[in-house]
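Architecture at a glance
Listed below are the residues making up each chain.
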Amino acid sequence: MASKSSMKGFYKQKKNIGSITKSKSTKPKNSAAIGSNVTQPSALISHGSLDLKDNYDQNEEVLRQFDMNMVYGPCLGMSRLNRWERAKKLGLNPPTEVERLLKSTKVGKECLWDGRV
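The notes below deal with the structure included here.

What counts and what doesn't
Residues numbered from 1 in each chain as written. Predicted model: local features only at pLDDT ≥ 70, side-chain atom pairs only at ≥ 80, totals over all residues. Heavy atoms only, no water. Helix = DSSP H or I, 4+ residues; strand = E, 2+ residues; numbered from the N terminus. Polar contact = N/O pair within 3.5 Å; in protein donor to acceptor, adjacent residues only side chain to side chain. Contact = heavy atoms within 4.5 Å. Buried < 20%, exposed > 50% of the residue type's maximum accessible area, 1.4 Å probe, protein only. Arc of directions from axis to C-beta. Patch = residues over 30% accessible without salt bridge, like charges linked within 9 Å, V, L, I, M, F, W, Y side chains within 5 Å. Areas by Shrake-Rupley, 256 points an atom, 1.4 Å probe, with all protein chains shown as cover. Salt bridge = Lys/Arg side-chain N within 4 Å of Asp/Glu carboxyl O.

Details of the side chain of Arg83
With respect to the helices and strands, Arg83 occurs in helix α3 (residues 80-89). Within the structure, the side chain of Arg83 is placed 2.7 Å from the backbone oxygen of Phe66, a separation counted as a polar contact. Each residue touching Arg83, except ones within four places of it in the same chain, is listed here: Phe66, Asp67, Asn69, Met70, Tyr72, Gly73, Pro74, Cys75 and Met78.

Below, the structure written as structure tokens:
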């Protein structure tokens, strides 16, 4: 049988008290706020402009909400109209306003994530 010996005696360790100091700064090192002078991470930059400052109208907002709604399936690799038609064929009842926007007005045909992921 193995003898009863203490592992603490075998692996003696000393605690180094006072060598660890915590930073008192509460400001994050890398913030991605609008107007910040910190370099933006590449995930927030697309097509040469900051995604946080994109200007878009109400029609584009409706289409972006459609892009972000996963009820209608994935949107990568297909146009918004193709995604809407696929959802219609599958009986998922996509919004008719999206179809009207895609067929009548000049809006972006690709989904919000196209070229960013």
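Thoughts on helix α4 (residues 96-104)
Those residues of α4 that sit buried are Val98, Leu101 and Leu102. In a view along the axis of α4, the buried residues occupy a sector of 95°, so they form one face of it. Opposite the buried face of α4, at more than 90 degrees from it, the exposed residues are Thr96, Lys103 and Ser104. For α4, the elements touching its buried residues are α2 (58-68) and α3.

Observations concerning the side chain of Asp67
Inspection of the secondary structure puts Asp67 in helix α2. Since its relative accessible area comes to 0%, Asp67 is described here as buried. Sequence-distant contacts of Asp67, that is, excluding residues within four places in its chain, are made with Cys75, Arg80, Arg83, Cys111, Leu112 and Trp113.

Section: a nonpolar patch on the surface
Taken together, Met68, Leu76, Trp113 and Val117 make up a surface patch of nonpolar side chains, about 430 Å² in accessible area. Mapped onto the secondary structure, Val117 falls in the segment after α4.

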